[in-house]
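Residue-level structure breakdown
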Amino acid sequence: MDFRTFSVRRLDAGVAEVVLDGTGDGNVMGGLVWTELPAVVAALDADADVRAVVLRGAGECFSGGLDLRWYLPHYRRLARRDDLPARLLAEATAMQDALGAVNRSRLAWIAAVHGPCVGAGLDLASACDIRLASASASFSLREVRLGIVADLGALQRLPHVIGTAATRELALTGRDAGADEALALRLVTRVAPDADALWENAFATARQIAGNPPAAVAGVKAVLDRTRDLPVADGLRHVALWNAAFLPSPELPDLLAAALKSSR
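So, here is what we can say about the structure in this document.

Definitions and cut-offs
Within every chain, residues take consecutive numbers counted from 1 along the sequence as written. Thresholds applied to this predicted model are a pLDDT of at least 70 for local features of residues and 80 or more for the giving and counting of side-chain atom pairs; totals over whole chains, interfaces and linings are not thresholded and use all residues. Working from all heavy atoms in the structure, the side-chain values ignore hydrogens and water. Helix axes are fitted only over the stretch in contact, all axes being lines through C-alpha atoms; the angle between N-to-C directions runs from 0 to 180 degrees. Every helix listed is a DSSP run of H or I at least four residues long, and every strand listed is a run of E at least two residues long, numbered separately from the N terminus. For classification purposes, angles smaller than 35 degrees are called roughly parallel, those larger than 145 roughly antiparallel, those between 65 and 115 roughly perpendicular, and all remaining angles oblique. Working rule for handedness: look at the near helix, and if it is turned counterclockwise from the far one by less than a right angle, call the crossing left-handed; if clockwise, right-handed. By definition in these notes, contact holds between two residues if any of their heavy atoms fall within 4.5 Å. At least two bridges found by DSSP between two strands are what make those strands a pair. One fewer than the residue count of a helix, multiplied by 1.5 Å, yields its expected span. Each residue is assigned to one of three classes by its accessible area relative to the maximum for its type, calculated with a 1.4 Å probe on protein chains only: buried under 20%, partly exposed between the two thresholds, exposed over 50%. Within the patch definition used here, like charges are joined within 9 Å and nonpolar side chains (Val, Leu, Ile, Met, Phe, Trp, Tyr) within 5 Å, considering only residues with over 30% relative accessible area and no salt bridge. Working definition of accessibility: Shrake-Rupley area with a 1.4 Å probe, residue cover restricted to the visible protein chains. Basic side-chain nitrogens of Lys or Arg form a salt bridge, by our definition, when they fall within 4 Å of a carboxyl oxygen of Asp or Glu. Identification of polar contacts relies on pairs of N or O atoms within 3.5 Å, with a donor-acceptor requirement for protein atoms, meaning one able to donate a hydrogen and the other able to accept it, and with residues adjacent in sequence counted only if both atoms are side-chain atoms. Gly falls in the polar group here, along with every residue not listed as nonpolar (Ala, Val, Leu, Ile, Met, Phe, Trp, Tyr, Cys, Pro) or charged (Asp, Glu, Lys, Arg). Put simply, buried Ala, Val, Leu, Ile, Met, Phe, Trp, Tyr and Cys residues joined by side-chain atoms within 4.5 Å make one nonpolar core.

What about the packing of helix H9 (residues 214-227) against helix H10 (residues 232-246)?
The interhelical angle for the contact between H9 and H10, taken along N-to-C directions, is 150 degrees, at an axis separation of 10 Å. One way to sum up the angle between H9 and H10 is to call them roughly antiparallel. Relative to H10, H9 is oriented so that their crossing is right-handed. Here Gly-219, Ala-222, Val-223, Arg-226 and Thr-227 of H9 lie close against H10, whose contacting residues are Gly-235, His-238, Val-239 and Trp-242.

Below, the structure written as structure tokens:
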């Protein structure tokens, strides 16, 4: 898979690694990132041998966020147009859709955060299913410090992860939260002492997920996303309908028999 802002490779046991190189130092996210990210997801989703993905940043940083060296001249060009609001709306929607591709993927995406994870980088990490961190990781929604309302998904996704109050504080202050605080907030589920331990944890988690039936992994993602805002009764009805439609398969009796055998 040949991309300029991402390095993608297949590893063993159904796991793929995606490394964000970005468009500048600190793996910042310029225009090409937003074009290539959906293509990366689509390519991996189409690969039947891939079942889980580890996403990390190149070097000592996850991502410094939006590439301002790209965005500032880009915005100035847009500002000369009479239809600036419409252009900004279309662009924000396209960037939201690019990050949403990760969330909509049939695969489990694990964000392995080492070093700073800022702005759009946190939007990307929040679109993943699982977030792990090294002790050096830090997280920041800095858009408010630039006079911008974060509009790429963190304000919508993080309240379901860390709660509304914590999201408000991070978004309104723009401050950095270290790895230990991120763990306490449940923004990440584990903190490793260093990068090597983080990669080991991330790939071990990915291999464990990849060992499960792909349809069940995709189903868990779809049901969690669809039912998170529903009353419990409606959520139960939805998952019952899901399994009624997708549970029957030629492989199911063998999977159940294997589970029964291993329990004895």
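Notes on the sheet that holds strand E7 (residues 138-140)
The strand order across the open sheet formed by three strands is E5-E7-E8, and the pairing between neighbours is mixed. Of all the strands in the sheet, just strand E5 (116-118) and strand E8 (176-178) have a single pairing partner and so form its edges. On average, adjacent strands in this sheet sit at an angle of 20 degrees to one another, irrespective of strand direction. Strand contacts of helix H4 (residues 120-127): E5 and E7, with the helix running at about 95 degrees to E5, the strand carrying the most contacts.

Thoughts on helix H1 (residues 31-45)
For H1, spanning 15 residues, the distance from its first C-alpha to its last is 23 Å, which sits close to the expected 21 Å at 1.5 Å a residue. The set of residues buried in H1 consists of Val-33, Trp-34, Glu-36, Leu-37, Val-40, Val-41 and Leu-44.

As for a nonpolar patch on the surface
The grouping of Leu-68, Leu-146 and Ile-148 at the surface amounts to a nonpolar patch, some 270 Å² of accessible area in total. Mapping Leu-146 onto the fold places it in the loop between E7 and helix H5 (154-162).

As for unusual backbone geometry
The backbone of Asn-27 shows a phi angle near 55 degrees, a positive value even though the residue is not glycine. Following the sequence through the fold, Asn-27 ends up in the loop between strand E2 (15-20) and H1. Of the residues examined, Asn-27 reaches a relative accessible area of 6% and is grouped as buried. In this model, Arg-186 sits at a positive phi of 70 degrees, which is unusual for a non-glycine residue. On the secondary structure map, Arg-186 appears in the loop between helix H7 (179-185) and strand E9 (190-192).

Focus on the environment of Glu-169
Tracing the backbone through its elements, the reader meets Glu-169 in helix H6 (residues 164-173). Since its relative accessible area comes to 37%, Glu-169 is described here as partly exposed. Side chain to side chain, Glu-169 and Arg-175 meet in a polar contact 2.9 Å long.

Some words on the sheet that holds E9
The six strands are arranged E1-E2-E3-E4-E6-E9 in an open sheet whose pairing can be described as mixed. The open sheet terminates on both sides in strands that have one partner only, identified here as strand E1 (6-10) and E9. For this sheet, the mean angle separating the axes of adjacent strands, direction not counted, is 20 degrees. As judged from the five bridges shared by E1 and E2, these two strands associate in the antiparallel manner. Paired with Ser-7 across the bridge in E2 is Val-19. In the packing of H1 onto the sheet, contacts are made with E1, E2, strand E3 (52-57) and strand E4 (108-113), and the angle to E1 comes to roughly 10 degrees.

Structural notes on the packing of H1 against helix H3 (residues 84-104)
Where H1 meets H3, the closest approach of the two axes is 8 Å, and the angle between their N-to-C directions is 25 degrees. Taken as axis vectors, H1 and H3 run roughly parallel relative to one another. H1 and H3 meet at a crossing whose hand is left-handed. Listed contacts from H3 to Trp-34, Leu-37, Pro-38 and Val-41 of H1 are Met-95, Ala-98, Leu-99, Ala-101 and Val-102. In terms of residue class, the contact of H1 with H3 is built from nine nonpolar, no polar and no charged.

A look at the side chain of Thr-5
Here Thr-5 lies in the segment before E1. Here Glu-36 takes part through its side chain, which lies 2.6 Å from a polar atom of the side chain of Thr-5. Residue contacts for Thr-5: discarding those within four places in its chain leaves Val-19, Leu-20, Asp-21, Gly-22, Thr-23, Leu-32, Val-33 and Glu-36.

A word on the nonpolar core
Formed by 50 residues in total, the largest nonpolar core has its most connected members in Phe-6, Val-18, Leu-44, Trp-109, Leu-124 and Phe-139. Among the elements that line this core, the one with the most residues is H1, at six residues. Among all residues touching Phe-139, those that are not within four sequence positions of it are Val-113, Cys-117, Leu-122, Ala-133, Arg-175, Asp-176, Ala-177, Ala-182, Leu-187 and Val-188. Counting residues in hydrophobic clusters, the runner-up holds 18 residues, among them Ala-197, Trp-199, Ala-202 and Ile-209.

Nothing here speaks to function; it is geometry throughout.
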